[in-house]
Amino acid sequence: MITKPQACIGCPLYGDGVGFVPDEIVEGAEVFVLGQNPGEEEEAEGIPFTGRTGQRMDKRFLPLAGLERGVNVHVGNIIKCRWQRGGPEARTNDLPPEATLEAAVRHCTGAHLRIPVSVRLVIAQGQPAWEAMGGPGSIHSWRGYLSSDRMLVHGTGDIHKGQREGEALPAVLGTVHLAHLNKEPWLTVPAMHDWQRAGEFLAGTWPLPFPEIV
C-alpha cells in the first residue's frame, strides 16, 4: 500500500497513514471520471477503479462515451483512501458517518483533487462526487443531467486549482455509481444512457440549444 502524503495529516480518515490511492491522470484527456472512494483492490494496488466495478466501467461503460482507460480519460475518487472503522484492522469500503464524510471530503478535495485544464466534462459517479462538484439535490433525481456553471462555480470554486484565468469550468454530468447497480440493477440501462450522453456532449450533439423563438 502507498504511504499517505504529508497533506493527509489532519484528515479524519488518516488512520495508520497508509492506503493512499492517487488519481490516474492522462495528459490532455478531456474527461475526468470521479467516483467516491477506493476499494480493497484499489488500496492494495494504489490505482483507482481496478476492482470489479472498475473492470465493469472499463469494458462496458467507458466505450459508450468513446473513452478508453489510459488513453483519453482521467480516473479518480473524491476520497483517496478507505475508512478504517475501528482501527487499521477494520478497513471498509463503506463511507463514514455524514459528519466525518463531510470533513474528509473537504480535506481530501482541498489537498489532492486537481481537475486538469484540459477537462471539458466531469462524470460524477454517486452522491458524494456529485455534491463535491457542486451538484444539487439527489443523484437519483439529477442523473443524466448537467449541473449549471453557476452551481459549479459556487460549489467547487476552490477545487479547480489548475484553472487558467478566463477559461470556463468543466461541465459536470451526474450518474449513479456503478457499484450501486449491484443493489439496483434496473438502473443499468439508464446508467448506460448517461454514459452515452457523455460521448454526445464531447461530440457537440448534446445538449442541443433551444430552438429559435420567432
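Attention in this report is confined to the structure presented alongside it. Please read all numbers here as calculations on a predicted model, not as lab measurements.

1. Digging into the sheet that holds strand β7 (residues 171-175)
Turning to step 1, where the next piece is worked out: What the five strands build is an open sheet, ordered β2-β1-β5-β7-β6; its pairing is mixed. This sheet does not close on itself; its edge strands, each paired only once, are β2 (73-77) and β6 (146-147).
Turning to step 2, where the next piece is worked out: The sheet contact formed by strand β5 (residues 121-125) and β7 spans five bridges and is parallel. Bridging from a neighbouring strand, Ile-123 pairs with Leu-173 of β7.
Turning to step 3, where the next piece is worked out: Strands in contact with helix α7 (residues 188-203) are β1 (31-35), β5, β6 and β7; relative to β7, the strand with the most contacts, it is inclined by about 165°.

2. Section: the pattern of salt bridges
Turning to step 1, where the next piece is worked out: Counted by the stated rule, this structure contains nine salt bridges.
Turning to step 2, where the next piece is worked out: When the shortest N-O distance is used, the salt bridge between Glu-43 and Arg-82 registers 3.1 Å. Residue Glu-43 is located in helix α1 (residues 40-45), and its partner Arg-82 is located in the loop between β2 and β3 (83-84); the two are separated by 39 residues in the primary sequence.
Turning to step 3, where the next piece is worked out: For Arg-69, the salt bridge identified is with Asp-58, shortest N-O distance 3.3 Å.

3. Quick notes on unusual backbone geometry
Turning to step 1, where the next piece is worked out: With an omega dihedral of -10°, the bond running from Trp-206 to Pro-207 counts as a cis peptide bond.
Turning to step 2, where the next piece is worked out: Positionally, Pro-207 belongs in the segment after α7.
Turning to step 3, where the next piece is worked out: With a phi close to 55°, Phe-49 is a non-glycine residue in the positive phi region.
Turning to step 4, where the next piece is worked out: Position of Phe-49 among the secondary structure elements: in the loop between α1 and α2 (52-61).

About the cut-offs
Position labels on residues start from 1 in each chain and follow its written sequence. In keeping with the model being predicted, local features are shown solely for residues with a pLDDT of at least 70 and side-chain atom pairs are shown and tallied solely at 80 or more, while totals for entire chains, interfaces and linings include all residues. Side-chain measures here rest on the full set of heavy atoms in the structure, leaving out hydrogens and waters. DSSP calls a pair of strands paired once it identifies at least 2 bridges connecting them. Where helices and strands are cited, they refer to DSSP runs of H or I of at least four residues and of E of at least two residues respectively, numbered from the N terminus. Between two residues, a contact is recorded if the distance between any of their heavy atoms is within 4.5 Å. Working convention: axes come from line fits to C-alpha atoms, limited for helices to the stretch in contact. Angles between N-to-C directions cover 0 to 180 degrees. One side-chain nitrogen of Lys or Arg within 4 Å of one carboxyl oxygen of Asp or Glu is enough to make a salt bridge.

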